Amino acid sequence: MRFLVQPAGQPLDRARPPVRAFLAFTALLLVGWVASRAAHGALDPQGLARILEPLPGERLGPVALWEEVHQSAFLYGFLLLGVGSLLAVCPVSARTRNGLVGLATAAAFVDLGAPFLPLVRPGLPGWAELRIAGFGVAMTALSASVAVAWATFGREPGRPRG
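A brief structural summary. Just so you know, these numbers come straight off a predicted model, no measurement behind them.

## Quick look at the overall build of the chain
Along the chain, the regular secondary structure elements total 6 helices and 0 strands. The helix and strand sequence of the chain, counted from the amino end, reads α-α-α-α-α-α. For the chain, long-range pairs separated by at least 24 residues make up 75% of all intrachain contacts whose partners lie at least 6 apart in sequence. Here the chain has roughly 9,500 Å² of accessible surface; of this, 66% comes from carbon and sulfur atoms.

Here's what the structure looks like:
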């Protein structure tokens, strides 16, 4: 990974193909993640409640909740680390980089945390909508991050104006 922190030249030229392959697979992962949630009814509040809301007497929620959080936490962590690291060496402003990664991170935490709200307060309305919104914002910010990394990785930084 040393090539990611070298400024320019031949190592950076050799880095473009594997970075582009990583970003292409990342985009496929995001599409697959959305498709999987849609296929399981997890993009609909009623479907999400049916899958993840605790049944009467369940103290820790259904096993599906824990499996979902385990899988999603790993995927979010992996994607945020990988794409965020690429953005750190791309010639984009700190504001753009931090905004995309920060928004994706905050939305990921909303997505991961919202299903636990009915465990804390049974019958709490709106948790499913909150989770769906968090997932949507996270997918949008991660997709935008992938697009920015694809477009800018390996380019020379722009010259300052003035």
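## As for the packing of helix α3 (residues 63–88) against helix α6 (residues 127–152)
The geometry of α3 relative to α6 is characterised by a closest axis approach of 10 Å and an angle of 30° between their N-to-C directions. On the basis of the axis angle, α3 is roughly parallel to α6. Crossing hand, α3 versus α6: left-handed. Counted together, Glu 68, Ser 72, Tyr 76, Leu 79, Leu 80, Val 83, Leu 86 and Leu 87 of α3 and Arg 131, Phe 135, Ala 138, Met 139, Leu 142, Ser 145, Val 146, Val 148 and Ala 149 of α6 form the full contact between these two elements. Split into classes, the residues belonging to the contact of α3 with α6 amount to 13 nonpolar, 2 polar and 2 charged.

## Describing the packing of aromatic side chains
On inspection of all chains with the given rule, the structure shows 5 aromatic pairs. Summarising the aromatic geometry, the rings of Phe 22 and Phe 78 are spaced 6.1 Å apart at their centres and angled 75° between planes, so their arrangement reads as edge-to-face. Highlighted residues: Phe 22 in helix α1 (residues 10–39) and Phe 78 in helix α3, separated in sequence by 56 residues. Given a relative accessible area of 24%, Phe 22 falls into the partly exposed group. Here Phe 78 falls in the partly exposed class, since its relative accessible area comes to 40%. Between Phe 74 and Phe 78, the ring centres sit 6.3 Å apart and the planes meet at 10°, which makes this aromatic pair stacked. Here Phe 78 and Phe 74 lie together in helix α3, a separation of 4 residues that amounts to about one turn.

## So, the environment of Gly 123
Residue position: Gly 123 is located in the loop between α5 (117–120) and α6. Judged by relative accessible area, which is 65%, Gly 123 ranks as exposed. Considered as a pair, Gly 123 and Pro 54 are 69 residues apart in the sequence and their alpha carbons are 9.5 Å apart.

## Some thoughts on the packing of helix α4 (residues 94–113) against α6
Look at α4 against α6: their axes get within 8 Å of each other, and the N-to-C directions meet at 150°. As judged from the angle between their axes, α4 and α6 are roughly antiparallel. Once α4 is placed against α6, the crossing between them reads as left-handed. From α4, Leu 100, Leu 103, Ala 104, Ala 107, Ala 108, Val 110 and Asp 111 reach across to α6, where they touch Leu 130, Arg 131, Gly 134, Phe 135, Val 137, Ala 138, Ala 141, Leu 142, Ala 144, Ser 145 and Val 148. Its residues placed into classes, the contact of α4 with α6 shows 14 nonpolar, 2 polar and 2 charged.

## A look at a nonpolar patch on the surface
Together, Val 110, Leu 117 and Leu 130 line one region of the surface with nonpolar side chains, adding up to about 200 Å² of accessible area. Checked against the element boundaries, Leu 117 lands in helix α5.

## Points about the nonpolar core
Leu 30, Trp 33, Tyr 76, Met 139, Leu 142 and Phe 153 are the most contacted members of the largest nonpolar core, which has 34 residues in total. Listing elements by their share of this core, those giving two or more residues are α1, α2 (45–52), α3, α4 and α6. When residues no more than four places from it in sequence are discounted, the contact partners of Leu 142 are Leu 30, Tyr 76, Leu 79, Leu 80 and Ala 104.

## Description of the pattern of salt bridges
All told, the structure shown has 4 salt bridges when counted by the stated rule. In this structure, Arg 131 and Glu 68 form a salt bridge, with 3.2 Å as the shortest nitrogen-oxygen distance. With a gap of 63 residues between them, Arg 131 in helix α6 and Glu 68 in helix α3 connect regions that are remote in the sequence. For Arg 131, a relative accessible area of 1% translates into the label buried.

Rules used in this analysis
- Sequence order sets the numbering: in each chain, residues are counted from 1 along the sequence as written.
- Local features in this predicted model are restricted to residues whose pLDDT is 70 or higher, and side-chain atom pairs enter the listing and the counts only when it is 80 or higher, whereas totals over whole chains, interfaces and linings include all residues.
- Only hydrogens and water are set aside when side-chain values are computed; all heavy atoms of the structure are taken into account.
- Strands here mean DSSP runs of E at least two residues long; helices mean DSSP runs of H or I at least four residues long; both are numbered from the N terminus.
- Residues count as neighbours in contact if any of their non-hydrogen atoms are within 4.5 Å of one another.
- With residues, only the protein chains shown are counted as cover, and all accessible areas are computed by Shrake-Rupley using a 1.4 Å probe.
- Lines are fitted to the C-alpha atoms to define the axes, a helix being fitted only along its stretch in contact, and any angle between axes, read from their N-to-C directions, falls within 0 to 180 degrees.
- The labels follow the angle: roughly parallel below 35 degrees, roughly antiparallel above 145, roughly perpendicular from 65 to 115, and oblique for the rest.
- Whether a crossing is left-handed or right-handed is set by the direction in which the near helix is turned from the far one by less than a right angle, anticlockwise for left-handed and clockwise for right-handed.
- In this classification, Asp, Glu, Lys and Arg are treated as charged, Ala, Val, Leu, Ile, Met, Phe, Trp, Tyr, Cys and Pro as nonpolar, and every other residue, Gly included, as polar.
- The rule is short: rings of Phe, Tyr and Trp, with Trp giving its six-membered ring, pair when the centres are within 6.5 Å, and they are stacked under 30 degrees, edge-to-face over 60, tilted in between.
- Note on exposure labels: buried denotes an accessible area under 20% of the residue type's maximum, exposed denotes more than 50%, and partly exposed covers the range between, all computed with a 1.4 Å probe on protein chains only.
- Candidate patch residues must exceed 30% relative accessible area and have no salt bridge, after which like charges are joined if within 9 Å and Val, Leu, Ile, Met, Phe, Trp or Tyr side chains if within 5 Å.
- Salt-bridge detection follows one rule: a side-chain nitrogen of Lys or Arg within 4 Å of a carboxyl oxygen of Asp or Glu.
- Take the buried residues of types Ala, Val, Leu, Ile, Met, Phe, Trp, Tyr and Cys, join any two whose side-chain atoms come within 4.5 Å, and each joined set is a nonpolar core.

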